[in-house]
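Here are the chains, one letter per residue:
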Amino acid sequence: MQQGQSSNSGQQHLVTVAGDEGSTRLDRVLAVREPELSRSRLKALILAGSVSLRGAPIRDPAYHVAPGDTITIDVPEAIAPEPAGEDIALDIVYEDDDIIVLDKPSGLVVHPAAGHETGTLVNALIAHCGSSLSGIGGVKRPGIVHRLDKDTTGLMVVAKNDRAHKSLSEQFADHGRTGAMRRGYMAFAWDLPNRARGTVDAPIDRHPHAREKMAVRAGGREAITHWELQEAFNGRDGKPVAALLACQLETGRTHQIRVHLAHIGHPLMGDGVYGPHFKTKASRLGPASQAALTALDRQALHAYLLALEHPGTGEILEWISDLPDDLTQLRDKLRATQ
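Being a predicted model, the structure only gives us computed values, none of them experimental. (Residues numbered from 1 in each chain as written. Predicted model: local features only at pLDDT ≥ 70, side-chain atom pairs only at ≥ 80, totals over all residues. Heavy atoms only, no water.)

**Student:** A description of the nonpolar core should follow, citing residues and the corresponding values.
**Tutor:** Counting residues in each nonpolar core, the largest one holds 28 residues, and the members touching the most others are Leu125, Tyr185 and Cys247. Once you skip the residues sitting within four places of it in the chain, Leu125 turns out to touch Leu90, Ile100, Leu102, Gly130, Leu133, Ile144 and Val158. Of all hydrophobic cores here, the second largest spans 22 residues; its members include Met269, Leu285, Leu296 and Leu327. (Core = buried A, V, L, I, M, F, W, Y, C linked by side-chain atoms within 4.5 Å. Buried < 20%, exposed > 50% of the residue type's maximum accessible area, 1.4 Å probe, protein only. Contact = heavy atoms within 4.5 Å.)

**Student:** Give me the lowdown on the packing of aromatic side chains, citing residues and values where you can.
**Tutor:** Here the structure, examined in full by the defined rule, presents 2 aromatic pairs. Arranged with centres 5.5 Å apart and planes meeting at 50°, the rings of Tyr94 and Trp319 form a pair that is tilted. Placement of the pair is Tyr94 in strand β8 (residues 92–95) and Trp319 in strand β18 (residues 316–320), with a sequence separation of 225 residues. Look at Phe188 and Phe233: their rings are 6.2 Å apart centre to centre, the planes differ by 20°, and that puts the pair in the stacked class. Placement of the pair is Phe188 in strand β11 (residues 182–190) and Phe233 in strand β15 (residues 224–234), with a sequence separation of 45 residues. Across the pair, Phe233 and Phe188 agree in class, each one buried. (Phe/Tyr/Trp six-rings, centres within 6.5 Å; stacked < 30°, edge-to-face > 60°. Helix = DSSP H or I, 4+ residues; strand = E, 2+ residues; numbered from the N terminus.)

**Student:** Give me the lowdown on the environment of His146, citing residues and values where you can.
**Tutor:** Note on placement: His146 falls in the loop between α3 (121–129) and β10 (153–159). The exposure class assigned to His146 is buried, which follows from its relative accessible area of 7%. Sequence spacing of His146 and Val158 is 12 residues, and the spatial spacing of their C-alpha atoms is 8.1 Å. Beyond its immediate sequence surroundings of up to four residues, His146 is in contact with Val110, Leu155, Met156, Val157, Phe172 and Arg183. A polar contact is formed between the side chain of His146 and the backbone nitrogen of Val157, at a distance of 3.0 Å. (Polar contact = N/O pair within 3.5 Å; in protein donor to acceptor, adjacent residues only side chain to side chain.)

**Student:** Kindly report on helix α2 (residues 39–47), identifying the contributing residues and their values.
**Tutor:** All buried positions along α2 are accounted for by Leu42, Leu45 and Ile46. Looking straight down α2, one finds that the buried residues subtend no more than 100° of arc, so they occupy a single side. Residues of α2 that are buried make contact with α1 (26–33), β4 (51–53) and β7 (70–75). Following α2 by one or two positions, Gly49 has its phi on the positive side, about 85°. (Arc of directions from axis to C-beta.)

**Student:** Quick rundown of α3? Include the residues and the values.
**Tutor:** Buried within α3 are the following residues: Leu121, Val122, Asn123, Ala124, Leu125 and Cys129. Looking at the buried positions of α3, the neighbouring elements they touch are β9 (99–104) and β10. Among the residues of α3, the N-terminal cap falls to Thr120, whose side-chain oxygen and the backbone nitrogen of Val122 are separated by 3.3 Å. With its phi angle positive at about 65°, Gly130 sits one or two positions after the end of α3.

**Student:** How would you sum up unusual backbone geometry? Please name residues and give values.
**Tutor:** At Arg54, a residue that is not glycine, the phi angle is positive and equals roughly 50°. Tracing the chain through its elements places Arg54 in the loop between β4 and β5 (56–57). By relative accessible area, Arg54 is classed as exposed at 70%. The backbone phi angle of Asp191 is positive, close to 70°, even though this residue is not glycine. Structurally, the position occupied by Asp191 is in the loop between β11 and β12 (197–201). The class of Asp191 is buried, set by a relative accessible area of 18%.

Written out as structure tokens, the structure reads:
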């Protein structure tokens, strides 16, 4: 092993695979050759794209290396064990002593994780609330009872004390089956469904080969999404090319709407993870619609509705969030068939 010089961005480690290590899993080789890094740390670095071969990231811990391969490990600079407050602007739509409801922008990660240790919503909340956030979520996720994907916009609620955290967690687990909790999303999806509304009831688990993805899999966790057609959009040929769907969750699995809509043949516009093969559909859009989709540069998903029972007063509260500017621009261009 060779170890590069340390810098402000951490250290770069080089591991050259020996002859007797050929056709061995990447994570096993690194665990032996890099004993100062724990197995969990190495796995996190691999999944974050910080381990590469010939300049290309290897994101699969089970990748089989070959003799002579030189593996590069970029180890970030050590950080504090607890997130620090950061001056990041928050769009707060409601706040009291128990909860904060905010409108999350695209690009904001909810809590620190491998590859996103700073600049997260949690860092912003710590600066805004100080020590008043609920501690139930742990030091990395204070107050967090649910998440939105990094590039999904819209409404989120955060608990400011442990009582609120417990109540909200129970409501999210129930997802409106017996209580007031409702979570609604606006989703721009490719193609037009053959009916006005429907339900996707399909279990979700980790993808068997791409661990950063989720997939519909037998034996996975229960996942139920209800959808209803709001608007249809035609392409330049006058035929339906996309649709705006209102989705409501009955469960809250990772990437649930993205996975479920792709599963029924209507992946989200702009979703490079679950709908990349639909990129050719963009050729049926007008030039202005294509430009709006390119400028979006994310999945076209917005959490527009949040309703819940206030954990302190028991009052039923509801918030609505308008489409953000990038999705409004996409909708307007699609309507005009431009």
